[in-house]
Amino acid sequence: YETVDPVVRNLKKAGCLCLSGGTPEAQSQYLSGMIRQMDTAYPGKVKLWILDSIERQLQPLEALPGVVSYRLTAAALPETVSELEQKAKARMAMLELGDANGFADAELLVLVINDPGAAEIMNANRTALAAFSALISKYKSMGICVLVSNVPNASFISSEFYKKCAENRQFLWFDNLPAL
């Protein structure tokens with residue numbers, strides 16, 4: 001994964017992209033490569049909030065330009081989601097006032113969730129879960145993207161957080177298709 005450039009999707013309109021299947025290491029390597037390519041797709045216009053896991057698989061990304069925050073766990077997830085929801089609301093208001101140029105020049109804001117404990121944290125905080133749901137649905141086209149790794153197989157999802165991710169229907173699968 002280190003020598004292969006991943007496909008960079010139009011993340012400004014993705015809402016939420018989930019990585020599932022295979023090993024967490026493979027997902028993290030792909031995610032790392034994808035994040036590194038963002039500066040090519042959106043030169044100088046990417047801001048990242050990275051919530052890693054205690055394995056520190058994304059720690060080398062901490063030094064990248066555009067990283068606003070790097071944390072070792074998803075404990076700050078509710079506050080981060082709330083902050084990004086406020087930014088999305090401001091962008092929506094900008095569009096409603098007719099400032100399409102300001103919106104077109106806006107940075108891509110990316111929340112990276114690499115901690116398997118994120119679902120538990122979000123399920124315990126209904127306000128944060130509602131803000132997350134709004135980010136990936138209502139504000140999906142506001143130039144804010146959430147990348148979530150370590151998502152369990154869709155047929156075994158019981159967590160409300162993961163259900164919200166699955167409703168978005170944007171997954172990258174890292175395993176054999178019969179395992180899906």
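Just so we're clear, the structure is a prediction, and the values are computed from it rather than from any experiment.

**Section: helix α2 (residues 77–96)**
With 20 residues, α2 should cover 28 Å at 1.5 Å per step; its first-to-last C-alpha distance of 28 Å lies within 8% of that length. Of the positions making up α2, those classed as buried are Leu 77, Pro 78, Thr 80, Val 81, Leu 84, Glu 85, Ala 88 and Arg 91. End-on view of α2: buried residues confined to an arc of 155°, all on one side of the axis. Gly 98 lies just past α2 and shows a positive phi near 90°.

**Some words on the pattern of salt bridges**
Using the criterion set out here, one finds one salt bridge in the structure. One salt bridge connects Lys 47 with Glu 107, and the closest N-O pair in it is separated by 3.8 Å. Within this pair, whereas Lys 47 is found in strand β2 (residues 46–51), its partner Glu 107 is found in the loop between α3 (100–104) and β4 (108–113), the two being separated by 60 residues in sequence. Owing to a relative accessible area of 28%, Glu 107 belongs among the partly exposed residues under this scheme.

Basis of the calculations
- Residues numbered from 1 in each chain as written.
- Predicted model: local features only at pLDDT ≥ 70, side-chain atom pairs only at ≥ 80, totals over all residues.
- Heavy atoms only, no water.
- Helix = DSSP H or I, 4+ residues; strand = E, 2+ residues; numbered from the N terminus.
- Expected span 1.5 Å × (residues − 1).
- Buried < 20%, exposed > 50% of the residue type's maximum accessible area, 1.4 Å probe, protein only.
- Arc of directions from axis to C-beta.
- Salt bridge = Lys/Arg side-chain N within 4 Å of Asp/Glu carboxyl O.

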